[in-house]
Amino acid sequence: MKDDIILQVENLHTGFLVDNVPLEAVSGVSFSLKAGRVLGVVGESGCGKSVTAHSIMQLLPKYGRITEGSITYTRATGEKIEIQKLRRTGNQMRQIRGKEISMIFQDPMSSLNPVYPIGDQIAENIREHEKVTKREALDRARKLLEDLEIPSAAERLGDYPHQFSGGMKQRVMIAIAMACNPRILIADEPTTALDVTIQAQIIALMKKLQREHGTSIMMITHNMGLVAEMADEIAVMYMGRIVEYGSIRQVMKSPAHPYTQGLLKAVPVLGMKKDRLYSIKGSTPSLVDRPAGCEFASRCEYATEACRQVPRAVEVEPGHQVRCWNYKEATDNG
Amino acid sequence: MNKDSLKHILKKFLSLIPMLILISIVIFGALQLTPGNPLTYQIPPELLSSSTFDLEAYEKAMGLDAPVYVQYFRWIWNILRGELGYSLVSGAPIVNMLRTRLPATMELALCGILISSVFGICLGILAAIKQNTLLDYGCTALSVLAISIPEFFMGIIGITIFSLKLGWLPTGGRLVYGDNSFGTRLAHLILPAVVMGLALTGALMRHTRGSLLDVLTRDYIKTARSKGLSERKVYLKHAFRNALIPVTVLLCFRIPGLVGGSVVIESVFGWPGMGGMLLDAISGKDYPVVMITAMIIAFVTLIASFLADLFTMLLDPRVDIER
């Protein structure tokens, strides 16, 4: 099963209608998720990582639309499903959602319904997809919570979200996502809203679950350290495009895109003897007046005339792609 | 519902008693501040100003010479025994006045609340689900109309159409002499209850729609969808219960207004309720009736706020009724 592609995203374009003006948040993203592997998607806020994830789940807001491209999910039976063709709230999409592909969101504080006990909220997912009694579903919910190392899980099933801390709520969210043993887990910044110590615990738990169940994970984050720790492959996104894509070793060792280099330099390292932490100059341009050509050019120290054209993806080495005209100079100097 | 929350509810209910006592003191005290002696309204001025008239003896006989707090306790004690006193204007026992008026008011208010909560909440949900469609705009326009057109005008239109033109419903009154059947009672009730409920229907519809739309943007709705739940379950199970919390509070706090402030509707439809009685009592300086009516309205208000607490607690586990 290893290296079988379970999710293939091809030239995905997703846009939103803002005041009746279409804005493209994702412009031609392609990547593949392999069975049992972890793909890290990194980039700063607003680069389109979450929109990509929501496109896969068909959980886009009302005014969001997949305008082009395809998302192909391969079932365990080998059947291929083009997700973008399914009706958002239709039966087929609903059977995949929560059962075969599930998702954890950024803010555990607001992701659980405040008026229902957490046991019911976990059991609900199981009961939606499998023919089990409420008692069986609750029993499985308890087991999930125990696996996620929540103390006295049986008693806590009847508790409400406000009786849990942030880290505990995120465990409950993971329990909901893992309840039907999905083949793909999309984690949208699962640790961003948590304390650093709790982050490490959550990551350890996710790794454990991934090992035990062989789930493929798409890990969306802006935390380079987290990606380095968990991911097998990494996609770096900037303004709705993947600017660099490759195995974690390739990208971390020899980042080719100036933006990836900037991101890596901006990670503080213990014992670093610098007064100031490196930061990428300028800020992300607005989607409303997107610059022509390479969107990173205005912030890039290697920018040349060529950058007025949108760069194509170039293969630096097998499996390592970069979208930059001047990646050679950047690699040599970076 | 466990034993603890039942205890909390009981506690909350008992805490209404001191509130009620406080209100009764305020009402009694306020009346003491009004100018003049209640007796002066009852005795003809010629007699009052004649030199042989002994006002003090009358005051003594009526117990008006006692200290204020004694008078207060006497008043409260009488109320508790069901002796509500007599109207200064008609001399009738207030109990008898209430015996017909209170049920009439309650009947009207309950029907108004029922109509407005059913229609208001249902239309609000519909408008939210079909946001920015013709249906939504239509509901919104109707609710604005319902809120802004005065009740008396609605009432007159209703009577003109349904009573005079179509002849389906009676023009007013509550009962027909010698005919106490359910059908006639209902026929008399429909128009005033609908007119009374219209404004509240509009308000509840707007409130439900807004509240539901707000809830639908919350993250937990996305979580519900991410489980693969049907839209029906997402709306009715996950969104609706959360959206209902502020709506029930609004509903509860409108109840006292329906009980005490339905003067206009009562006069349009000739409905023999408390509003008209209160109006007569105020203009006739019939203080005993004013006091009792004020107490009843205050009591209803307290009950309504208790209900608001209760519903909020039942709907939202984050609310601890003790706090």
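On a predicted model such as this, the values are computed, not experimentally measured, just so you know.

1. What to know about the interface of chain B and chain A
Contacts between the two partners involve 24 residues from chain B, matched on the other side by 28 residues from chain A. Taken over both partners, the interface formed by chain B and chain A buries close to 2,300 Å², and the fraction arising from carbon and sulfur atoms is 54%. Scanning the region where chain B abuts chain A turns up three salt bridges. Among the ionic pairs, lysine 233 of chain B bridges to glutamate 128 of chain A, the shortest N-O distance being 2.9 Å. Put simply, chain B and chain A have 15 residue pairs in polar contact (both at pLDDT 80 or more) between them. Within the residue set of the side of chain B that touches chain A, elements represented by two or more residues are helix H11 (219-226) and helix H12 (231-260) of chain B. In terms of residue count, the dominant contributor to the side of chain B that touches chain A is H12 of chain B (seven residues).

2. Here's the deal with the domain arrangement of chain B
All names here are of chain B. According to the domain assignment, chain B contains domain 1 (20-80) and domain 2 (101-315). The distance between the C-alpha centroids of domain 1 and domain 2 comes to 39 Å. Contact residues are listed per partner, giving 10 residues for domain 1 and nine residues for domain 2. The contact between domain 1 and domain 2 buries some 1,000 Å² in all, and 91% of this surface belongs to carbon and sulfur atoms. Linking domain 1 with domain 2 are zero salt bridges. Inspection of the region where domain 1 meets domain 2 yields zero residue pairs in polar contact (both at pLDDT 80 or more). Mapped by element, the contributors of at least two residues to the side of domain 1 that touches domain 2 are helix H2 (16-33) and helix H6 (68-80). Sort the elements by how many residues they give to the side of domain 1 that touches domain 2 and H2 lands first, with six residues.

3. A word on the domain arrangement of chain A
All names here are of chain A. Taken domain by domain, chain A holds domain 1 (1-100 + 182-292) and domain 2 (110-180). Using only C-alpha atoms to locate each centre, domain 1 and domain 2 end up separated by 26 Å. Buried surface at the junction of domain 1 and domain 2, both sides included, amounts to about 1,400 Å², of which 64% is carbon and sulfur. If you sort the residues of domain 1 by the area they bury against domain 2, Lys99, Leu205 and Leu209 come out on top, with a joint share of 34%. The tally of links from domain 1 across to domain 2 stands at three salt bridges. Applying the counting criterion to the domain 1 and domain 2 interface returns five residue pairs in polar contact (both at pLDDT 80 or more).

What counts as what
Residues numbered from 1 in each chain as written. Chains lettered and ligands numbered in written order. Predicted model: local features only at pLDDT ≥ 70, side-chain atom pairs only at ≥ 80, totals over all residues. Heavy atoms only, no water. Contact = heavy atoms within 4.5 Å. Buried area = accessible area lost by both parts, 1.4 Å probe. Salt bridge = Lys/Arg side-chain N within 4 Å of Asp/Glu carboxyl O. Polar contact = N/O pair within 3.5 Å; in protein donor to acceptor, adjacent residues only side chain to side chain. Helix = DSSP H or I, 4+ residues; strand = E, 2+ residues; numbered from the N terminus. Domains from an automatic or database assignment.

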